[in-house]
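# Coordinate inspection notes
These are the residues of each chain, in order.
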Amino acid sequence: MKSLIKTLVEAWGPSGYEHHVRALIEKEVEGLADEITVDPLGNLICRVGQGGRKIMVAAHMDEIGIMATFVEKKSGYVRFAAIGGLLHTTLAGNRVRFEDGTLGVIGVQDAFGAAKTSVPNLDDFYIDVSDGGDGQGFEPGRPAAFSREMQERGARLIAKSMDDRIGCVVAIEAMRRLKRATPHEVYFVFTVQEEVGIRGARPAAYRIDPDLAIALDVTSTGDQIKGDKLVVRLGGGAAIKVHDTGLVVPPAIRDWMVARAEADGIPYQLELLNLGTTDAAGIQTAREGVPSGCISIPCRYVHTTSETVDLGDVEACVALLTSLLTNDVPV
Ligand code: ZN
Ligand code: CO
């Protein structure tokens, strides 16, 4: 599982440009699904089983990144816009990679002055793509993703894009364990454009018309020094969502997840998140409405290049998802 995590987190795929990630996942799920489709927006939809209750499982393929918007004259300096929720405190000195491999270094104006004491606006940052030439030939309109290799420290894996490639891994791993056997009709959907406003999941849900849905995504933890007031901690098991800024999980869904975790002895914790949401927020309002819940992978430093997860938590999420998909559902 670790090598698959490394492959996916290091892959390049800002929102709207998920094609490389999708190709990697398509290769992984070959033979694990009864039918594989790519919908008009680029969601990868993998059906397992037929004829039972329809369950949609969603994990997003895209990652936050930048879009080059303006090239300063003869400089090799590129201005940019955010793709998704960029944290300005993480930018200066960080590196991005454009699709053709071009490496960019992010700089900030007045780094040892104003930028030292207050967080600058995006306008104060630029990307250095100079290569010793005249800086010509770089066109705006090119997206980039952050560039960082995965590293590990014991059970902790540290990388960019754990949000949400780790959710994709949980889905793939569950598909592997199902071996195409489930009493339900399960649609594993690897979605596009979550980070820019949950744009891929809802149309996918419209197409599938599921009876219920489960999103897989990272969730922030409250266990850092002077951390946010969040109950989830790293290493505490699969996080079963109760509530976030876009979703109130129906009690029947939450209780079902808790009961399965208890029955199978899977470590779990409840999640209450006050700063974000997931694909489930979009899916729940598709068509006439879809009861939706979420299994969250606890993650420190979300939306930085050092998103940190615990392998034990990842394993618990896979076990819980597999258990849910092989047992009775509440709706
Ligand atoms: Zn996410
Ligand atoms: Co995110």
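Heads up: the structure comes first, above all this text.
This text gives an overview of the structure that appears in the document. (Residues numbered from 1 in each chain as written. Chains lettered and ligands numbered in written order. Predicted model: local features only at pLDDT ≥ 70, side-chain atom pairs only at ≥ 80, totals over all residues. Heavy atoms only, no water.)

### Brief notes about the overall build of the protein chain
Helix and strand counts for the protein chain come out as 8 helices and 18 strands. Against the 2.2 N^0.38 benchmark of 20 Å for 331 residues, the protein chain shows a C-alpha radius of gyration of 20 Å, consistent with a compact globule. Seen along its three principal axes, the alpha-carbon backbone of the protein chain occupies a region of about 65 × 45 × 40 Å. Per-residue burial for the protein chain yields a buried fraction of 53% across its 331 residues. Considering only intrachain contacts with a sequence separation of at least 6, the fraction spanning at least 24 residues in the protein chain is 77%. On the protein chain, roughly 13,800 Å² of surface is accessible, and the fraction owed to carbon and sulfur atoms is 49%. Across the protein chain, the 34 positively charged side chains and the 45 negatively charged ones have centroids separated by 2 Å. (Helix = DSSP H or I, 4+ residues; strand = E, 2+ residues; numbered from the N terminus. Rg over C-alpha atoms; globule rule 2.2 N^0.38 Å. Buried < 20%, exposed > 50% of the residue type's maximum accessible area, 1.4 Å probe, protein only. Contact = heavy atoms within 4.5 Å. Areas by Shrake-Rupley, 256 points an atom, 1.4 Å probe, with all protein chains shown as cover. Lys, Arg positive; Asp, Glu negative; His and termini not counted. Charge placed at Lys NZ, Arg CZ, Asp CG, Glu CD.)

### Some words on the pattern of salt bridges
By the definition in use, this model includes 20 salt bridges. In this structure, Arg79 engages Glu72 in a salt bridge whose closest nitrogen and oxygen atoms are separated by 2.8 Å. Exposure remark for Glu72: the relative accessible area of 27% places this residue in the partly exposed category. Where salt bridges share partners, they join Glu28, Glu173, Arg176, Arg177 and Glu315 into one cluster. (Salt bridge = Lys/Arg side-chain N within 4 Å of Asp/Glu carboxyl O.)

### A few points about the packing of aromatic side chains
Two measures describe an aromatic ring pair: the distance that separates the ring centres and the angle between the ring planes. For the structure on display, the rule yields 3 aromatic pairs. Taken together, a centroid distance of 4.9 Å and an interplanar angle of 65° make the contact between Tyr77 and Tyr126 edge-to-face. Of the two residues, Tyr77 is situated in strand S5 (residues 77–83) and Tyr126 in strand S8 (residues 125–128); the sequence distance between them amounts to 49 residues. Relative to Phe138, the ring of Phe98 lies with its centre 4.9 Å away and its plane at 75°, an arrangement referred to as edge-to-face. With Phe98 in strand S6 (residues 95–98) and Phe138 in the loop between S8 and strand S9 (143–146), this residue pair connects regions lying 40 residues apart in the sequence. Residue classification places Phe138 among the buried residues on the basis of a relative accessible area of 11%. (Phe/Tyr/Trp six-rings, centres within 6.5 Å; stacked < 30°, edge-to-face > 60°.)

### Quick word on helix H1 (residues 2–9)
When we look at burial in H1, the residues that qualify are Leu4, Ile5, Leu8 and Val9. The arc enclosing the buried residues of H1, seen along the axis, measures out at 120°, which places them on a common side. Each element contacted by the buried residues of H1 is listed here: helix H2 (19–29), strand S11 (156–159), helix H4 (162–178) and helix H8 (311–325). (Arc of directions from axis to C-beta.)

### Re empty space enclosed by the protein
Tallied over the entire structure, the rule returns 1 cavity of 30 Å³ or more. Roughly 80 Å³ of volume is contained in the largest cavity. Lining of the largest cavity is provided by Glu63, Ile64, Phe146, Lys160, Ser161, Asp163, His303, Thr304, Thr305 and Glu307. For the lining of the largest cavity, the per-class residue count stands at 2 nonpolar, 4 polar and 4 charged. (1 Å grid on protein atoms, 1.4 Å probe; cavity = no way out; pocket = protein on both sides within 12 Å on 5 of 7 lines; lining within 4 Å. Points joined across faces, edges and corners; volume = space filled by probe spheres on them. Nonpolar A, V, L, I, M, F, W, Y, C, P; charged D, E, K, R; others polar.)

### Examining the coordination of the zinc ion (ligand 1)
Around a metal, the perfect tetrahedron of four donors has angles of 109.5 degrees, and the perfect octahedron of six donors has angles of 90 or 180 degrees. Distances from the zinc ion (ligand 1) to its protein donors, namely His60 (NE2), Asp163 (OD), Asp217 (OD) and Asp217 (OD), fall within the range 1.9 to 2.6 Å. The coordination sphere of the zinc ion (ligand 1) comprises 4 donor atoms, whose angles at the metal cover 52 to 148°; the geometry is irregular. Motif for the zinc ion (ligand 1), donor spacing along one chain: H-x102-D-x53-D. Separating the zinc ion (ligand 1) from the cobalt ion (ligand 2) is a gap of 3.5 Å, bridged by Asp163, which donates to each. Here His60, found in strand S3 (residues 54–60), pairs with Asp217, found in strand S13 (residues 212–220); they are 157 residues apart in sequence, far enough to count as distant. Comparing His60 with Asp217 shows no difference in burial state: the two are buried. (Donors = N, O, S within 2.8 Å, 3.2 Å for Na, K, Ca; no water. Tetrahedral: all angles 85-135°; square planar, octahedral: opposite > 155°, others 65-115°.)

### Regarding the coordination of the cobalt ion (ligand 2)
Only Asp163 (OD), Glu195 (OE), Glu195 (OE) and His303 (NE2) from the protein reach the cobalt ion (ligand 2) as donors, at distances of 1.9 to 2.5 Å. Around the cobalt ion (ligand 2), the 4 donor atoms sit at angles spanning 56 to 140°, and that spread fits a shape best called irregular. Positions of the donor residues of the cobalt ion (ligand 2), expressed as sequence spacing, correspond to D-x31-E-x107-H.

### Focus on the side chain of Glu18
By the element assignment, Glu18 lies in the loop between H1 and H2. In this structure Glu18 is buried but unpaired, with Arg22 as the nearest side chain of opposite charge at 5.2 Å. Aside from chain neighbours lying at most four places away, what touches Glu18 is Met61, Asp62, Val192 and Gln193.

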